[in-house]
Amino acid sequence: MSEQQTEQTVPGDSGEERPEARLERAVRAAEQALIEFEIAVETFRVEVENFSRLHHQKLGPMYSRLDELDALIAEAKAARTGDPEDLRRAREARSLVMPMPGVEELFHDWLDSDGISDDAAAMLTERSVRPPERVRPTEEVRRLYRDLVRQAHPDLAQDEAERTRRDAFIARVNAAYGRGDERLLRELAQEWATGPAAETAGPSESEELYARLEWLSRRKELLALVAKELEDSAIGSMLRMAPDDPDRLLEEIAEQLLARVSEREAELAAVS
C-alpha cells in the first residue's frame, strides 16, 4: 500500500469541517452583524433626539408666533363679519395658543415641594426655562461608543449573571453617549478593560446554535421596526434630508418660517 493510500485511510482525517463549527461561525457572524445594526440604530436615535431638542429650541418660538398671528387674523375677520362660521374659526384658532388656565393655583402645593425640578416647574408657569443643552456626539465619542458596545454587548454573554453585568454597563455607556461625554466614555472603556473578562463559550450543541440564530433573527426584526419608526418620524425624516449639516437645515426652515411670519403680519395689518 502506498503512502498516499495510507493517508487516505487514517480515521478522522477526511479534511471535512464539522457542521457544528460552520454553524457556530454563522452564529458569531450574526451576533456581530446585530451589534453593528444596534449601534447604527442607537446612533440615529441619539441624533434624532438631539435634533428634536434643537428644532424645538430654535423654531418653537416661530411656530408659536405663527399660531398667535393665525388667531389674531381669525379674530379680526370674525369681529368684522360677525359670521358664526368665522367666529367658530376664531375660537378654534385661539384654542391652539391659549395657555392652560390656573396651573399655578392647581399645582401650588406640588410646585412648592421638593418633588419637582426648577425647570419642570418653570414649564408649568410663566417663569423662563433654561434652553436645552446642545448635544451632538463628536467622531471620537462615536468611536468610543462603538468600541465599547462591540466589546460589552449583552448579547455576547454566555450566562444570565454575565448578561446582567453587561446590561448595567451598557446602560451607563448609552447614557454617556447620549450626553456626548467623551471623558466618561474613556473611563468606562478603562473600567471594562480592567474588569472581569467574559467567559469563553464552550462547544455548543446544534440545537442551541439553531435556537441562537432564530433569536438573533427575531431581535433584528424588532430592531428594524424601531429603525423604521425613527426614520419615518417627522424629525427623523427631516434629519435624513441633511445628515451632514443639520444646522443648515434648521437655518433654512427658520428662514421659511420668518417669511411666513412676515406674510401673516401683513395679512393681519390688512384685516385689522
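Preceding block: the structure.
Residues numbered from 1 in each chain as written. Predicted model: local features only at pLDDT ≥ 70, side-chain atom pairs only at ≥ 80, totals over all residues. Heavy atoms only, no water.

## Notes on the side chain of E42
Next up, step 1: Residue placement: E42 occurs in helix α2 (residues 19-81).
Next up, step 2: Judged by its relative accessible area of 14%, E42 falls in the buried class.
Next up, step 3: When neighbours within four sequence positions are excluded, E42 is seen to be in contact with Y145, N174 and Y177. (Helix = DSSP H or I, 4+ residues; strand = E, 2+ residues; numbered from the N terminus. Buried < 20%, exposed > 50% of the residue type's maximum accessible area, 1.4 Å probe, protein only. Contact = heavy atoms within 4.5 Å.)

## A word on the pattern of salt bridges
Next up, step 1: This structure, assessed with the given rule, holds 33 salt bridges.
Next up, step 2: R94 is the partner of E75 in a salt bridge, and the nearest nitrogen-oxygen pair spans 2.8 Å. Here R94 lies in helix α3 (residues 84-95) and E75 lies in helix α2, a separation of 19 residues in the sequence.
Next up, step 3: In this structure, R219 and D155 form a salt bridge, with 3.5 Å as the shortest nitrogen-oxygen distance. Here D155 lies in the loop between α7 (139-152) and α8 (160-179) and R219 lies in helix α10 (residues 206-232), a separation of 64 residues in the sequence.
Next up, step 4: On the accessibility criterion, R219 (33% relative accessible area) is partly exposed.
Next up, step 5: The class for D155 is buried, based on a relative accessible area of 3%.
Next up, step 6: One continuous salt-bridge network, built from bridges that share partners, spans E36, E140, R143, D147, R150, E182 and R186. (Salt bridge = Lys/Arg side-chain N within 4 Å of Asp/Glu carboxyl O.)

## What about the nonpolar core?
Next up, step 1: In this structure, V48, F51, L59, M238, L249, I253 and L257 are the most contacted members of the largest nonpolar core, which totals 31 residues.
Next up, step 2: Counting only elements with at least two residues in this core, the list comes to α2, α10, α11 (234-241) and α12 (246-271).
Next up, step 3: Among the elements that line this core, the one with the most residues is α2, at 14 residues.
Next up, step 4: With sequence-adjacent residues up to four places away left out, L257 is seen in contact with L59, M62, Y63 and L66. (Core = buried A, V, L, I, M, F, W, Y, C linked by side-chain atoms within 4.5 Å.)

## What to know about α11
Next up, step 1: Listed as buried for α11 are I235, G236, M238 and L239. Angular distribution of buried residues about the axis of α11 spans 160 degrees; they occupy a single face of the element. Among the exposed residues of α11, those oriented more than 90 degrees off its buried face are A234 and M241. (Arc of directions from axis to C-beta.)

## Here we look at the side chain of R142
Next up, step 1: Relative to the assigned elements, R142 resides in helix α7.
Next up, step 2: Once you skip the residues sitting within four places of it in the chain, R142 turns out to touch T43, E47, P137 and Y177.

## Quick word on the packing of α7 against helix α9 (residues 182-194)
Next up, step 1: Taken N-terminus to C-terminus, the directions of α7 and α9 make an angle of 25 degrees; their axes are 10 Å apart at the nearest point. Relative to α9, the element α7 lies roughly parallel. Crossing handedness for the pair α7 and α9: left-handed. Together, E140, V141, R143, L144, L148, Q151 and A152 of α7 and E182, L185, R186, L188, A189 and W192 of α9 make up the contact between the two elements.
Next up, step 2: Of the residues contributing to the contact of α7 with α9, the split by class is eight nonpolar, one polar and four charged. (Axes fitted to C-alpha atoms, helices over the stretch in contact; angles between N-to-C directions. Parallel < 35°, antiparallel > 145°, perpendicular 65-115°, else oblique. Left-handed = near helix turned anticlockwise from the far one by under 90°. Nonpolar A, V, L, I, M, F, W, Y, C, P; charged D, E, K, R; others polar.)

## A short note on the packing of α8 against α9
Next up, step 1: It is at 9 Å that the axes of α8 and α9 come closest, and there the two elements cross at 160 degrees. Judged on the interaxial angle alone, α9 and α8 are roughly antiparallel. The hand of the α8/α9 crossing is left-handed. Along the contact surface, α8 presents E162, R165, R166, F169, R172, V173, A176, Y177 and R179, while α9 presents L184, L185, L188, E191 and W192.
Next up, step 2: When grouped by side-chain class, the residues that make up the contact of α8 with α9 number eight nonpolar, no polar and six charged.

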